[in-house]
Amino acid sequence: MTTETTGDAAIDTWSPEEVWEAYERGEIALIDVRTPQEYMFEHVEGALLLPMPFFQADKLPSQQGKRLVLYCGSGARSGNVAQKCAAKGVQPATHMDGGFGAWKQAGLPYVGTDMSTGAPKRVEKK
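Note that this is a predicted model, so its numbers are computed, not measured.

A. Broad picture of the overall build of the chain. Helix and strand counts for the chain come out as four helices and eight strands. Along the chain, helices and strands appear, N-terminal first, in the series β-β-α-β-α-β-β-α-β-α-β-β. Taking 14 Å as the expected radius of gyration for a compact globule of 126 residues, we find that the chain reaches 14 Å, a close match to that expectation. Summarising its shape, the C-alpha atoms of the chain cover approximately 50 × 30 × 25 Å along the three principal directions. At a minimum sequence separation of 6, the contacts of the chain that also span at least 24 residues come to 59%. Carbon and sulfur atoms make up 52% of the accessible area of the chain, which totals about 7,000 Å². With 13 positive and 16 negative side-chain charges, the chain shows a spacing of 4 Å between the two charge centroids.

B. Representation of the pairing of strand S1 (residues 2-6). Bridge count for S1 against strand S2 (residues 9-14) is five bridges, and the pairing is antiparallel. When the bridges of S2 are listed, Thr5 appears paired with Ala10.

C. Molecular detail of the packing of aromatic side chains. Counting across every chain of the model gives three aromatic pairs. A centroid spacing of 6.0 Å and a plane angle of 75 degrees characterise the contact between Trp20 and Trp103, whose relative ring orientation is edge-to-face. In this pair, Trp20 sits in helix H1 (residues 16-24) while Trp103 sits in helix H4 (residues 99-105), placing the two residues 83 residues apart along the sequence. According to the relative accessible area criterion, Trp20 is buried, its value standing at 14%. Owing to a relative accessible area of 0%, Trp103 belongs among the buried residues under this scheme. Taken together, the ring pairs in this structure connect Tyr71, Phe100 and Tyr110 into an aromatic cluster.

D. Local environment of the sheet that holds strand S6 (residues 93-96). Taken in spatial order, the six strands make up an open sheet running S1-S2-S6-S5-S3-S4, and their pairing is mixed. Edge positions in the sheet fall to S1 and strand S4 (48-49), since each has one partner strand and no second. Bridge count for strand S3 (residues 28-32) against S4 is two bridges, and the pairing is parallel. Opposite Ile31, over in S4, you have Leu48 as the bridge partner. The strands that helix H3 (residues 76-87) touches are S2, strand S5 (67-71) and S6; relative to S6, the one it contacts most, it runs at about 175 degrees.

E. Region of the structure containing unusual backbone geometry. Residue Pro92 is reached from Gln91 by a cis peptide bond, and omega for that bond is -5 degrees. Positionally, Pro92 belongs in the loop between H3 and S6.

Criteria and cut-off values
Residues numbered from 1 in each chain as written. Predicted model: local features only at pLDDT ≥ 70, side-chain atom pairs only at ≥ 80, totals over all residues. Heavy atoms only, no water. Helix = DSSP H or I, 4+ residues; strand = E, 2+ residues; numbered from the N terminus. Rg over C-alpha atoms; globule rule 2.2 N^0.38 Å. Contact = heavy atoms within 4.5 Å. Areas by Shrake-Rupley, 256 points an atom, 1.4 Å probe, with all protein chains shown as cover. Lys, Arg positive; Asp, Glu negative; His and termini not counted. Charge placed at Lys NZ, Arg CZ, Asp CG, Glu CD. Pairing = 2+ DSSP bridges. Phe/Tyr/Trp six-rings, centres within 6.5 Å; stacked < 30°, edge-to-face > 60°. Buried < 20%, exposed > 50% of the residue type's maximum accessible area, 1.4 Å probe, protein only. Axes fitted to C-alpha atoms, helices over the stretch in contact; angles between N-to-C directions.

In structure tokens, the structure reads:
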């Protein structure tokens, strides 16, 4: 984990492995800020969808009990959303480094699309 401080706000950036470990322990909730189309094609199983254009930091649920961790495709959009969260006083503002691409590269499990049928399919951890 790395922490970037801007003014009074801090933004934590976690590696996909750190996110996976905390997710497995039930310590975090994942929020996917990509488009509905990206989410439907592939996503972390159990992640909540809240697309960036509709994101309102002040409408997020409380982080009591579980920290909220944001992710997108590459880490750029979730980093921007984390900055907006921090600016609205959401602390800790946390996002995943490298986004879903880094998640897949790390060999972590996700729900993808079976290209022969169009049906969802689980891709297991490597």
